[in-house]
Amino acid sequence: MLSFRKVLLTTAFALALPSVSMADETVDPRRDTYRQLELFGDVFDRIRANYVEEVSDEELIESAIQGMLSRLDPHSSYLTPDSFQDMRVQTRGEFGGLGIEVTMENGFVKVVSPIDDTPADRAGIQAGDFITHLDGDPVLGLTLQEAVDKMRGKVGSDLKITISREGQDPFDVTLQRDVIKVRSVRHRVENNVGYVRVSSFNEQTTPGLEKAVEEIKKELGDKMIGLVLDLRLNPGGLLTEAISVSDAFLNQGEIVSTRGRDNSNAQRFNARDGDLINGKPLVVLINSGSASASEIVAGALQDHRRAIIMGTKSFGKGSVQTIMPLLGNGAMRLTTSRYYTPSGRSIQAEGIVPDIIVEQSKLETLEPQSQRREADLRGALENKGGTNSTGEADGSETGEEEKTPQDYQLLRALDLINGINLYSVNANASN
């Protein structure tokens, strides 16, 4: 206790004499770092010697690195060589495989659907087929990921799969692995409105978007009145793809900026001339599952007033992670900057607030109460100019069941585009 008081008195005395040089008393930051590394080494040795079960040095070091990164923020992490390879497959959007979307059911791999123009598709694999064996080895007992890993492999290599199909005896099919592109973009037509769903942002997203819009235009021609871009439950992906998708609908202006610790390294990304849908109405759907790259797209289109953002508030991940390869083929994912929308908004922990908030709801058709109409009144005048030759009131039921979309948010988006189009048509007619 005496020595501790002595230190305090010495410090107080030194502070009272500011004119005296204290250069010799300055603590070297490197010396403190070395002490912390010695502490790490001491803990490492004690775990190796005394932990209840034997743990390899590799496991301890990987855990230490993972702990160091994960304490920084929720998105920084260490990637083992296997997880780094999986991440590259996801972002590249292509791999050597068979071309089957699968799930697990009753311990067997069930085919959800074959991907168009892939080995599985060409071999006649059908949705609902069960894969029971891979190269003669039973699938039963494997996890879905283990089965998928076995189906993937070097392009050009063969794999024999055993198929169980309803109404047939099990049979073998030998498939040659090919380059499979992950389909992150799907599309369809809703009356005269194009619908494009983007589920992730990988290297195939922009080409997929361009192809989808081209096919929608080909199907609708001059009848196309607008587009719905669905980014709901899209967790994000590549920053470059978010910029490219935003650019697809913008002619000019900033798309996004990124700023790290050093503001002198800030980056700004701008749009180039060219709008895929030539200025037609665009509605972007988002929800709490829309994150990162999805928020970049929604924020850019919202700030430029190029699209109406509809749905619910997005996730709020406004940080950029850089993948840095490490020795041993692993890598670390490190948060290096924040991104900002064209107006300077940071989305971090705030998210994108839609222009029109629409909660997802379940639609239910209510049976109308029986009410009398004009046509039901005794002596009602006939509509001689009408086309209803049966004497029933115009607009009566035809016996066909009306199909109501169950996706309430999408229904509202389609209604909005139709409303904008109707307003434009009427405005042009009045002029």
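Structure's up top.
Residues numbered from 1 in each chain as written. Predicted model: local features only at pLDDT ≥ 70, side-chain atom pairs only at ≥ 80, totals over all residues. Heavy atoms only, no water.

A. Seen up close, the overall build of the chain. Helix and strand counts for the chain stand at 10 helices and 19 strands. Within the chain, the fraction of its 431 residues that count as buried is 32%. Pairs at least 24 apart in sequence give 66% of the contacts found in the chain among residues at least 6 apart. Here the chain displays about 27,700 Å² of accessible surface, and carbon together with sulfur accounts for 50% of that area. (Helix = DSSP H or I, 4+ residues; strand = E, 2+ residues; numbered from the N terminus. Buried < 20%, exposed > 50% of the residue type's maximum accessible area, 1.4 Å probe, protein only. Contact = heavy atoms within 4.5 Å. Areas by Shrake-Rupley, 256 points an atom, 1.4 Å probe, with all protein chains shown as cover.)

B. How the structure looks around the sheet that holds strand β15 (residues 282–286). Ordered in space as β10-β11-β12-β15-β16-β19, the 6 strands form an open sheet in which the pairing is mixed. Of all strands in the sheet, those bounded by a partner on one side alone are β10 (185–190) and β19 (356–357). Sheet topology note: the β15/strand β16 (residues 308–311) ladder contains 4 bridges and is parallel. Bridge pairing links Val-284 to Ile-309 in β16. Its contacts with the sheet put helix α7 (residues 205–220) on β10, β11 (193–198) and β12 (226–230), and the angle it makes with β10 is roughly 20 degrees. Contacts from helix α9 (residues 293–303) reach β12, β15 and β16, with the element oriented near 140 degrees to β15. (Pairing = 2+ DSSP bridges. Axes fitted to C-alpha atoms, helices over the stretch in contact; angles between N-to-C directions.)

C. Expanded view of the side chain of Gln-409. On the secondary structure map, Gln-409 appears in helix α10 (residues 408–430). Other than its neighbours up to four places away in sequence, Gln-409 contacts Arg-232, Leu-285, Met-310, Gly-311, Thr-312, Val-358, Glu-359 and Gln-360.

D. Layout of the pattern of salt bridges. If you walk through the whole model with that rule in mind, you get 16 salt bridges. Among the ionic pairs, Arg-46 bridges to Asp-42, the shortest N-O distance being 3.1 Å. Remark: Asp-42 and Arg-46 occur in helix α2 (residues 29–50); sequence separation between them is 4 residues, near one turn of the helix. For Arg-46, a relative accessible area of 53% translates into the label exposed. Three or more residues are tied together by salt bridges with common partners; here these are Arg-197, Asp-230, Arg-232 and Asp-407. (Salt bridge = Lys/Arg side-chain N within 4 Å of Asp/Glu carboxyl O.)

E. Structural context of the packing of α2 against helix α3 (residues 57–70). Viewed as axis vectors pointing N to C, α2 and α3 meet at an angle of 140 degrees, and their least axial separation amounts to 11 Å. Classified by the interaxial angle, the pair formed by α2 and α3 is oblique. For the element pair α2 and α3, the recorded crossing hand is right-handed. Side by side, α2 and α3 meet where Phe-40, Phe-44, Ile-47 and Arg-48 of the first sit next to Asp-57, Leu-60, Ile-61 and Ala-64 of the second. Of the residues assigned to the contact of α2 with α3, the class counts are 6 nonpolar, no polar and 2 charged. (Parallel < 35°, antiparallel > 145°, perpendicular 65-115°, else oblique. Left-handed = near helix turned anticlockwise from the far one by under 90°. Nonpolar A, V, L, I, M, F, W, Y, C, P; charged D, E, K, R; others polar.)

F. A look at a negative patch on the surface. On the surface, Asp-82, Asp-86, Glu-146 and Asp-149 cluster together into a negatively charged patch. Of all the elements in the fold, those that place two or more residues in the negative patch are α4 (81–92) and α6 (144–151). Assignment of secondary structure puts Asp-82 in helix α4. Assessed through its relative accessible area of 61%, Asp-82 is described here as exposed. (Patch = residues over 30% accessible without salt bridge, like charges linked within 9 Å, V, L, I, M, F, W, Y side chains within 5 Å. Lys, Arg positive; Asp, Glu negative; His and termini not counted. Charge placed at Lys NZ, Arg CZ, Asp CG, Glu CD.)

G. Spotlight on the nonpolar core. Ranked by internal contacts, the top residues of the largest apolar core, which has 38 residues, are Val-196, Leu-227, Leu-229, Phe-249, Leu-282 and Val-284. Put simply, the parts of the chain that give this core at least two residues each are β11, α7, β12, α8 (239–247), β13 (254–259), β15 and α9. Top element by residues in this core is α9. It accounts for 6 residues. Sequence-distant contacts of Leu-282, that is, excluding residues within four places in its chain, are made with Leu-227, Leu-229, Phe-249, Ile-277, Leu-301, Arg-306, Ala-307 and Ile-308. (Core = buried A, V, L, I, M, F, W, Y, C linked by side-chain atoms within 4.5 Å.)

H. Broad picture of the packing of aromatic side chains. Under the criterion given, the structure shown has 1 aromatic pair. Between Phe-40 and Phe-44 the ring centres are 6.3 Å apart and the planes differ by 25 degrees, which places this aromatic pair in the stacked class. Taken together, the positions of Phe-40 and Phe-44, both in helix α2 and 4 residues apart, correspond to about one turn of that helix. Above the face of the Tyr-340 ring, Arg-259 is positioned so that its terminal group lies 3.9 Å from the ring centre. (Phe/Tyr/Trp six-rings, centres within 6.5 Å; stacked < 30°, edge-to-face > 60°. Lys NZ or Arg CZ within 6 Å of the ring centre and 35° of its normal.)

I. Molecular detail of the pairing of β11. Counting buried positions along β11 yields 5 of 6 residues, so the element is predominantly enclosed. Here 6 bridges tie β10 to β11, and the two strands are oriented antiparallel to one another. Bridging across to β11, Val-189 finds its partner in Gly-194. Taken together, the 5 bridges between β11 and β12 define a ladder with parallel strand orientation. Residue Tyr-195 lies in a different strand from β12, and its bridge partner there is Val-228.

J. Molecular detail of the packing of α8 against α9. Running from N to C, α8 and α9 point in directions that differ by 30 degrees, and their axes come no closer than 9 Å. As far as their axial angle goes, α9 and α8 are roughly parallel. Where α8 crosses over α9, the handedness of that crossing is right-handed. Residues Leu-239, Ala-242, Val-245 and Ser-246 of α8 form the contact with α9, whose participating residues are Ala-293, Ile-296, Val-297, Ala-300 and Leu-301. Considering only residue class, the contact of α8 with α9 consists of 8 nonpolar, 1 polar and no charged.

K. Looking closely at unusual backbone geometry. Positive phi, close to 55 degrees, is recorded for Asp-135, a residue that is not glycine. Phi at Ala-349 is positive, roughly 65 degrees, even though this residue is not glycine. Among the secondary structure elements, Ala-349 is positioned in the loop between β18 (331–340) and β19.

L. Fine view of α8. Regarding α8, the residues found buried are Glu-241, Ala-242, Ile-243, Val-245, Ser-246 and Asp-247. In this structure, the buried residues of α8 make contact with α7, β13, β14 (267–270) and α9.

M. Region of the structure containing a nonpolar patch on the surface. A grouping of Leu-39, Val-43, Ile-47, Tyr-51 and Val-52 is seen on the molecular surface, where their side chains present a nonpolar patch of about 480 Å² in accessible area. Among the secondary structure elements, Leu-39 is positioned in helix α2. Relative accessible area serves as the criterion here: at 47%, Leu-39 is assigned to the partly exposed category.

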